[in-house]
Amino acid sequence: MRKKERRNMLEEVPVLKNGLVLEVAEQERYLIVPRSAWLERVATKFLKQPTERRIKLDEHGYFILSQMDGETTIPEMEERFSRTFGNEDGMSLSRLVRFLQIMDSYSWLKWKRG
């Protein structure tokens with residue numbers, strides 16, 4: 001049995017998966033997630049549900065996701081975040097990493113080596 005390889009998030013570059021889109025509409029910011037799982041497709045067809053989920057983002061979440069260009073590392077994102085929003089309590093990196101962990105738990109990110 002192979003050991004699971006541990007990865008260091010700070011050495012990787014997060015990227016939104018294909019099909020996920022950021023949108024700004026009427027002063028609100030959204031992450032648009034297509035409903036592509038088998039059960040979701042059935043629900044959209046027969047129960048007339050929307051074909052996509054609109055996840056409302058605050059300004060911090062939108063800023064972080066807009067930085068994901070396939071080249072920006074997490075330390076670079078944290079530095080830009082701190083310049084934009086401040087870092088009085090010194091917790092911006094831990095908050096950024098936690099946000100990315102949540103996004104990754106939904107399988108909305110893919111990772112590239114930095």
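This write-up is about the structure you can find in this document. Fair warning: this is a prediction, and the values are worked out from it, not measured in the lab.

Reading the values: the criteria
Residues numbered from 1 in each chain as written. Predicted model: local features only at pLDDT ≥ 70, side-chain atom pairs only at ≥ 80, totals over all residues. Heavy atoms only, no water. Core = buried A, V, L, I, M, F, W, Y, C linked by side-chain atoms within 4.5 Å. Buried < 20%, exposed > 50% of the residue type's maximum accessible area, 1.4 Å probe, protein only. Helix = DSSP H or I, 4+ residues; strand = E, 2+ residues; numbered from the N terminus. Contact = heavy atoms within 4.5 Å. Polar contact = N/O pair within 3.5 Å; in protein donor to acceptor, adjacent residues only side chain to side chain. Pairing = 2+ DSSP bridges. Axes fitted to C-alpha atoms, helices over the stretch in contact; angles between N-to-C directions. Salt bridge = Lys/Arg side-chain N within 4 Å of Asp/Glu carboxyl O.

Focus on the nonpolar core
- With 20 residues, the main nonpolar core has L16, L31, M68 and L100 as its most contacted residues.
- Residue assignment for this core shows that the elements contributing at least two residues are β3 (28-34), α2 (59-66), α3 (74-85), α4 (92-105) and β5 (109-113).
- The dominant element in this core, judged by the number of residues it contributes, is α4, at four residues.
- Beyond its immediate sequence surroundings of up to four residues, L31 is in contact with L16, L20, V21, L22, R53, R54, I55, L57, L65, M103 and W108.

Details of the environment of D58
- As for its placement among the helices and strands, D58 is situated in the loop between β4 (52-57) and α2.
- Its relative accessible area of 48% is what places D58 among the partly exposed residues.
- In the structure, D58 is positioned 28 residues away from Y30 in sequence and 8.6 Å away in space, judged by C-alpha atoms.
- A polar atom in the side chain of D58 sits 2.7 Å from the backbone nitrogen of G61.

Digging into the sheet that holds β4
- One open sheet holds the three strands; their spatial order is β2-β3-β4, and the pairing between them is antiparallel. Each edge of the sheet is formed by a strand with only one pairing partner; in this case those strands are β2 (21-25) and β4. When strand polarity is set aside, the average angle formed by the axes of neighbouring strands in this sheet is 35°.
- Bridge analysis of β3 against β4 gives six bridges, and the strand direction is antiparallel. Bridge assignment links Y30 to a residue of β4, and that residue is K56.

Observations concerning the pairing of strand β1 (residues 12-16)
- Across the five residues that make up β1, a large majority, five, are buried.
- Every second residue of β1 is oriented toward a common face, with E12, P14 and L16 on one face and V13 and V15 on the other, all of them buried.
- Relative to β5, β1 runs antiparallel, the two being bridged by five bridges. By the bridge assignment, V13 is partnered in β5 with K112.

Side note on the pattern of salt bridges
- Applying the stated criterion across every chain yields a total of six salt bridges.
- Two residues, E12 and R113, come together in a salt bridge whose shortest N-O distance is 3.6 Å. Placement of E12 in strand β1 and of R113 in strand β5 is noted, with a sequence separation of 101 residues between them.
- Classification of E12 by relative accessible area gives buried; the value is 6%.
- A salt bridge links R83 to E79; the shortest N-O distance between them is 2.6 Å. In this pair, R83 and E79 are both assigned in helix α3, four residues apart and thus about one turn of the helix distant.
- Linked through salt bridges whose partners overlap, the residues forming this network are E23, E52 and R54.

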